[in-house]
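Examination of the molecular architecture
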Amino acid sequence: MSVVRVAGALRTAPLPLRALAVLAVVAVAYNYSLSTLVRGLTLQTPLAYLALVPLIALLLAWVRLAGEPAGLPIHDRQVDYIIGLALVMVAGAISILVPLTLTARFWLYRVDLLSMPLFVAGVVTLVYGVRRLWALKFPIAFLFLAWPLPYAPLVGDGMRLFTDATAGALTLVSHIIPVAVATGGDESVFFVRHNGFSFPLSVGAACAGVNSLVGFILVGGALSYVVTGRILRRIAWLLAGLLVVWLLNVARIEVIFLVGWAFGKEVALDVLHPIAGLVAFNLGVFAMLLVAPRFGLSFVRLSGRAEAPRRQPSPVRQIRVALALALALAVGLGVVNSSFARYEQIANPLGQPLLVPFDIRTAQLAGWQSDFVAKNPAVKQFFGQDSTWDRILYTSLPRAPLQSSLPIYIDAITTSDAGSFSAYGLEACYTFHGYQIQSTSLADVGAGVRAQVIDYHNSRLNADWSALWWEWPYQDKGATRYERIVIFLASGPRGVYSGAATDAPDAEKARFTGTDRFLVAMARGLVQSQLRASRT
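Residues numbered from 1 in each chain as written. Predicted model: local features only at pLDDT ≥ 70, side-chain atom pairs only at ≥ 80, totals over all residues. Heavy atoms only, no water.

**What about the pairing of strand β11 (residues 450–458)?**
- Most of β11 sits out of view: eight of its nine residues are buried.
- Where strand β10 (residues 436–444) and β11 come together, eight bridges link them in antiparallel fashion. The residue bridging alanine 443 from the neighbouring strand is alanine 451, located in β11.
- Connecting the antiparallel pair β10 and β11 is a turn made up of five residues, with glycine 446 showing a positive phi of about 105°. (Buried < 20%, exposed > 50% of the residue type's maximum accessible area, 1.4 Å probe, protein only. Helix = DSSP H or I, 4+ residues; strand = E, 2+ residues; numbered from the N terminus. Pairing = 2+ DSSP bridges.)

Written out as structure tokens, the structure is:
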């Protein structure tokens, strides 16, 4: 009889078509951003669990609505459209305009994920109304946790400290269970002996359990929303959970050591290691669920809806216009979102740099030779104490595909402070020195990098100068640094060029067009050279 009742309930229960429509609109608008989160699950990075954020937010929304009483038949669709369209337009402006300003740093900061909660809030307002948006404020705000940038300290110095702490705990355990011995030079490398032979096992950042730590922050933060109890008790429960997850991770690594000692390296790494982390993490979450009452917490009850009178229809009855409008905006935003694929040559799906430092002394440009000119000691005054500024002279050989009759100078400025690049841009610098700006434009030089081209006249020397520059992040000893590359030459309109980029935009002053197109072609060659160097 119970089976018949369940089957009848499934036949009579209507599909949540409106909710499915909202999910489809969001998926269209952020198709590429969501796919990068899913692909991030396969990366050995502490941020891999960020892919769980949209799913957790969806479950939180279901929990919130399951205990919500029927909506009042009071609504103002004009307010819904004003607020909903404003939120959607802000999200669209972030996706369209911010990349023009930040260029490659847009993907490093994953600003697209920062705009996603705003778009979701706007669509919910258009389709359901402001009252429903207010009810879902926490699940929608939870989507901000998918933004990788706030986790940067944890991935940087925090990750190294956490790895050292895990390695230290394993060293203490090795005195009790001597199946793995820490090396003298690197405390994160342990040697495990099996059948008379020793093999090394490294406790890296991922193995140290930083990803489990981030995962529990996400899952535990969501669970703290569906429990009742004082805020201090929730915080205590969350902190205790972090400790439990870390201890279980230490136990997981010790079990891997034991399996390697008993059965060998292949069994330990190829069989146990891929699943042990997930098992330990789930055990930690399950254990904290069981002990939640010990902290004075109780989970919210969802049975009230079943006992309540039959739910009234939504006060927002007509949604065809709103849904069509949201879908149209989502399609346009989805096209922009798909174009972000170009950035993945310089940063991975979670915004971590892939490039190595750009060494202009060894950069390969077919048919060109380079000579080091000098270092600029004034760099630290503007870009920080750890900044560098190198200048190289490039000249083309007779057989070069890309040629210039004039010598080319290239500056490479590096710093750990990206904000200093924003404070000291080339255009502002030239204007400050009284140079007359003749032309400015933007050019695509590959890999999602948009370079700025600037032409100016130095009235003191009665000479024309042209420069092209771009900025991008790179990885240096586990830390993120930033680099500005500047290509420039004097008396550009007097030069003779071959192999220039014909698809580059025309200069505002016609006499600079040939020079600008040559600079764009040279920049594209250097960018491709850097990409090849980063893959080797």
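**Examining the sheet that holds strand β7 (residues 388–396)**
- Pairing in this open sheet of seven strands is antiparallel, and the strands run β6-β7-β9-β13-β12-β11-β10 from one edge to the other. Here the strands that pair on one side only, and so sit at the sheet edges, are β6 (368–375) and β10. Taking the axes of each pair of neighbouring strands and ignoring which way they run, one obtains an average angle of 25° across the sheet.
- Here helix α20 (residues 513–535) sits on the sheet in contact with β6, β7, β9 (408–415), β10, β11, β12 (463–476) and β13 (479–490), set at roughly 20° to β12. (Axes fitted to C-alpha atoms, helices over the stretch in contact; angles between N-to-C directions. Contact = heavy atoms within 4.5 Å.)

**Some words on helix α2 (residues 17–29)**
- Taking 1.5 Å as the rise per residue, α2 with 13 residues should run 18 Å; its terminal C-alpha atoms sit 18 Å apart, in good agreement.
- Among all positions of α2, only Arg18, Ala21, Val22, Val25, Val26 and Ala29 are buried. Looking straight down α2, one finds its buried side chains confined to an arc of 135°; they lie on one side.
- In this structure, the buried side of α2 is in contact with α3 (31–39), α7 (111–128) and α16 (320–338). (Expected span 1.5 Å × (residues − 1). Arc of directions from axis to C-beta.)

**A word on the packing of helix α13 (residues 231–263) against helix α14 (residues 265–290)**
- Axis separation between α13 and α14 bottoms out at 9 Å; the angle between their running directions is 160°. Compared by their axis directions, α13 and α14 come out roughly antiparallel. α14 is crossed by α13, and the crossing has right-handed handedness. Residue-level inspection shows Trp237, Ala240, Gly241, Val244, Val245, Leu248, Arg252, Val255, Ile256, Val259, Gly260 and Phe263 of α13 in contact with α14, the latter providing Lys265, Val267, Ala268, Leu272, His273, Ala276, Gly277, Ala280, Leu283, Gly284 and Met288. (Parallel < 35°, antiparallel > 145°, perpendicular 65-115°, else oblique. Left-handed = near helix turned anticlockwise from the far one by under 90°.)

**A look at a nonpolar patch on the surface**
- A cluster of nonpolar residues, Leu17, Leu20, Leu23, Leu55, Leu58 and Leu59, forms a patch on the protein surface that exposes about 580 Å² of accessible area.
- Of all elements in the fold, only α2 and α4 (52–66) reach the threshold of two or more residues within the nonpolar patch.
- Structurally, leucine 20 can be placed in helix α2. (Patch = residues over 30% accessible without salt bridge, like charges linked within 9 Å, V, L, I, M, F, W, Y side chains within 5 Å. Areas by Shrake-Rupley, 256 points an atom, 1.4 Å probe, with all protein chains shown as cover. Salt bridge = Lys/Arg side-chain N within 4 Å of Asp/Glu carboxyl O.)

**A few points about the sheet that holds strand β1 (residues 180–182)**
- Strand order across the open sheet formed by three strands is β1-β2-β3, with antiparallel pairing between neighbours. Edge positions in the sheet fall to β1 and β3 (197–202), since each of these pairs with one other strand and no more. Pairs of neighbouring strands in the sheet enclose a mean axial angle of 30°, with direction left out of account.
- Bridging between β1 and strand β2 (residues 189–194) involves three bridges; their strand directions are antiparallel. For valine 181, the partnering residue across the bridge sits in β2 and is phenylalanine 191.
- α13 rests against β1, β2 and β3 of the sheet, and its axis sits at about 30° to β2.

**Concerning the packing of aromatic side chains**
- In the structure shown here, the tally under the stated rule is 21 aromatic pairs.
- Through pairs of rings, three or more aromatic residues link up here, namely Tyr32, Phe106, Trp107, Phe340 and Tyr343. (Phe/Tyr/Trp six-rings, centres within 6.5 Å; stacked < 30°, edge-to-face > 60°.)

**Points about the pattern of salt bridges**
- A full pass over the atoms with the stated rule returns nine salt bridges.
- A salt bridge links arginine 481 to aspartate 386; the shortest N-O distance between them is 3.0 Å. With arginine 481 in strand β13 and aspartate 386 in the loop between α17 (379–383) and β7, this residue pair connects regions lying 95 residues apart in the sequence.
- When its relative accessible area of 11% is taken as the criterion, arginine 481 is described as buried.
- A salt bridge links aspartate 464 to arginine 511, with the shortest nitrogen-to-oxygen separation between them at 3.2 Å. Separated by 47 residues along the polypeptide, aspartate 464 in strand β12 and arginine 511 in the loop between β14 (497–498) and α20 bring together distant segments of the chain.
- Taking relative accessible area as the criterion, aspartate 464 reaches 15% and is therefore assigned buried.

**Section: α16**
- In this model, α16 (19 residues) spans 26 Å end to end at C-alpha, consistent with the 27 Å of a helix rising 1.5 Å per residue.
- Within the span of α16, buried status applies to Ala322, Ala326, Ala330, Leu333, Gly334 and Asn337. Buried residues of α16, seen end-on, are gathered within an arc of 115° and therefore sit on one face of the element. In α16, those exposed residues whose orientation departs by more than 90 degrees from the buried face are Arg320, Val321, Ala328 and Val335.
- Among the structural elements, α2, α3, α5 (77–102) and α7 are those in contact with the buried residues of α16.

**With respect to the confidence of the model for the protein chain**
- Summing up the model confidence of the protein chain, the mean pLDDT is 82 and the portion of residues at 70 or higher is 85%.
- Of the regions scoring below 50 in pLDDT, residues 303–312 engages in eight contacts with residues more than four places distant in sequence or in other chains. (pLDDT = per-residue confidence, 0-100.)

**Structural notes on the nonpolar core**
- Counting 61 residues, the largest nonpolar core has Phe119, Val123, Val124, Phe216 and Leu218 as the members making the most contacts within it.
- For this core, the element with the most residues is α7, which contributes 10 residues.
- Among all residues touching valine 124, those that are not within four sequence positions of it are Val22, Gly129, Arg132, Leu133, Leu136 and Ile140.
- The next biggest cluster of nonpolar side chains, apart from the first, holds 39 residues, and it includes Ala104, Tyr394, Ile487 and Leu531. (Core = buried A, V, L, I, M, F, W, Y, C linked by side-chain atoms within 4.5 Å.)

**Some remarks on the side chain of glutamine 438**
- If you trace the backbone, glutamine 438 turns up in strand β10.
- Apart from residues lying up to four places away in sequence, glutamine 438 is in contact with Asp455, Tyr456, His457, Glu508, Lys509, Arg511 and Phe512.

**Topic: the environment of proline 398**
- Looking at the secondary structure, you find proline 398 in the loop between β7 and β8 (403–404).
- For proline 398 and tryptophan 368, which are 30 residues apart along the polypeptide, the C-alpha to C-alpha distance reads 9.0 Å.

**Some thoughts on the packing of α4 against helix α12 (residues 210–223)**
- Contact geometry of α4 with α12 gives a least axis separation of 11 Å together with a crossing angle of 5°. Viewed along their axes, α4 and α12 adopt a mutual orientation that is roughly parallel. Contacts between α4 and α12 involve Val53, Ile56 and Leu60 from the former and Leu218, Val219 and Ala222 from the latter.
- Partitioning the contact of α4 with α12 into residue classes produces six nonpolar, no polar and no charged. (Nonpolar A, V, L, I, M, F, W, Y, C, P; charged D, E, K, R; others polar.)

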